[in-house]
Amino acid sequence: MTLRSLKQTIPALGTSDGAGVKIKRSLGQSQAIRMDPFLMLDEFGSDQPQDYIAGFPAHPHRGFETVTYMIEGHMLHEDHLGNRGNLRNGGVQWMTAGRGIVHSEMPQQESGVMRGFQLWLNLPAAEKMKPAGYRDIQPEDIPVFNQPGASVKLIAGEMNVSGVQVSGAVTGGTTEPLYADIHLEPNAQLSLPVAQPLNAMLYLYEGNASLVTGEAQTQLRLSAANLLDDGDEILLAGGATGARLLLIAGLPIGEPIVQYGPFVMNTREEIEQALRDYQTGRLTAA
């Protein structure tokens, strides 16, 4: 096994999206800052309603998937087909925009707070125009496995841990996404396999933790995309207060990316077609 080390740190920058929702964006803060196959990662959360109450009114997407993970509060969503849902605390919505969807997302607080993440996952050219769809994953349907001093909530992907194969709520897919929420107790260590072909990153969102490589320990930056070098294993060490962090990995697609706001295709001509389709109502046509 080869331990992965830290390659690059991308601090999340404060910005706003939708109707003024305050967010912190690491991946995707510019079109040059991505980690194939992932396009964007937003952290959002506040105890001030004015920071999020206007939400994300109806808007279109084409050509990729969004993965929304709530850790506090909940999210109301609705699409052009009349589908409605309520993403609960601890739940995940995996939305495939495919050829086109128009939807809205409205964050809601619980006990005065709202907090979560949204990840954009690119689709290869052969899948960009497939039918749109949702998968709402309830908290109780996401597997959690425990290791000494740690727990791992496996949203997507598969891991062989201590000889036991663990499968997440979502498995398979062209990009083989791996998405885990890791909770480390103070001063605990945790080793996890991350297959060599995958691009991988860690996003520390609470506490403090380090990446261990041999005798060295590299502190992970809070609220930042900590991109990892090649390898097939990560070794984490929790700090004095413990830590909560996301592990995100996927198989790179290696295709050209042309993005115009909520449309992500392979060529400028495809983007222009997406715009025409949206303007004429064909984006969401069956």
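First, a word on scope: everything that follows refers to the structure included in this document.

Each value, and the rule that gives it
Residues numbered from 1 in each chain as written. Predicted model: local features only at pLDDT ≥ 70, side-chain atom pairs only at ≥ 80, totals over all residues. Heavy atoms only, no water. Helix = DSSP H or I, 4+ residues; strand = E, 2+ residues; numbered from the N terminus. Contact = heavy atoms within 4.5 Å. Expected span 1.5 Å × (residues − 1). Buried < 20%, exposed > 50% of the residue type's maximum accessible area, 1.4 Å probe, protein only. Arc of directions from axis to C-beta. Lys, Arg positive; Asp, Glu negative; His and termini not counted. Salt bridge = Lys/Arg side-chain N within 4 Å of Asp/Glu carboxyl O. Polar contact = N/O pair within 3.5 Å; in protein donor to acceptor, adjacent residues only side chain to side chain.

## Observations concerning the environment of Ala-188
Moving on, step 1. Mapped onto the elements of the fold, Ala-188 is located in the loop between strand 17 (178-184) and strand 18 (189-193).
Moving on, step 2. Expressed as a C-alpha distance, the spacing of Ala-188 and Gly-239, which sit 51 residues apart in the sequence, is 7.7 Å.
Moving on, step 3. Sequence-distant contacts of Ala-188, that is, excluding residues within four places in its chain, are made with Gly-149, Leu-236, Ala-237 and Gly-238.

## Remarks on helix 1 (residues 268-280)
Moving on, step 1. Taking 1.5 Å per residue as the helical rise, helix 1 with its 13 residues ought to reach 18 Å, and the 18 Å between its terminal C-alpha atoms agrees with that figure.
Moving on, step 2. If you check which residues of helix 1 are buried, you get Ile-271, Ala-274 and Asp-277. When helix 1 is viewed along its axis, its buried side chains cluster within an angular range of 120° and face the same direction. Turned more than 90 degrees off the buried face of helix 1, the exposed positions are Arg-268, Glu-269 and Gln-279.
Moving on, step 3. Those residues of helix 1 that are buried lie in contact with strand 23 (258-260) and strand 24 (263-265).

## Comments concerning the side chain of Arg-4
Moving on, step 1. Tracing the sequence through the fold places Arg-4 in the segment before strand 1 (6-11).
Moving on, step 2. As a buried residue without a salt bridge, Arg-4 has its nearest oppositely charged side chain in Asp-230, at a separation of 5.0 Å.
Moving on, step 3. A distance of 3.2 Å separates the side chain of Arg-4 from the backbone oxygen of Asp-229, its partner in a polar contact.

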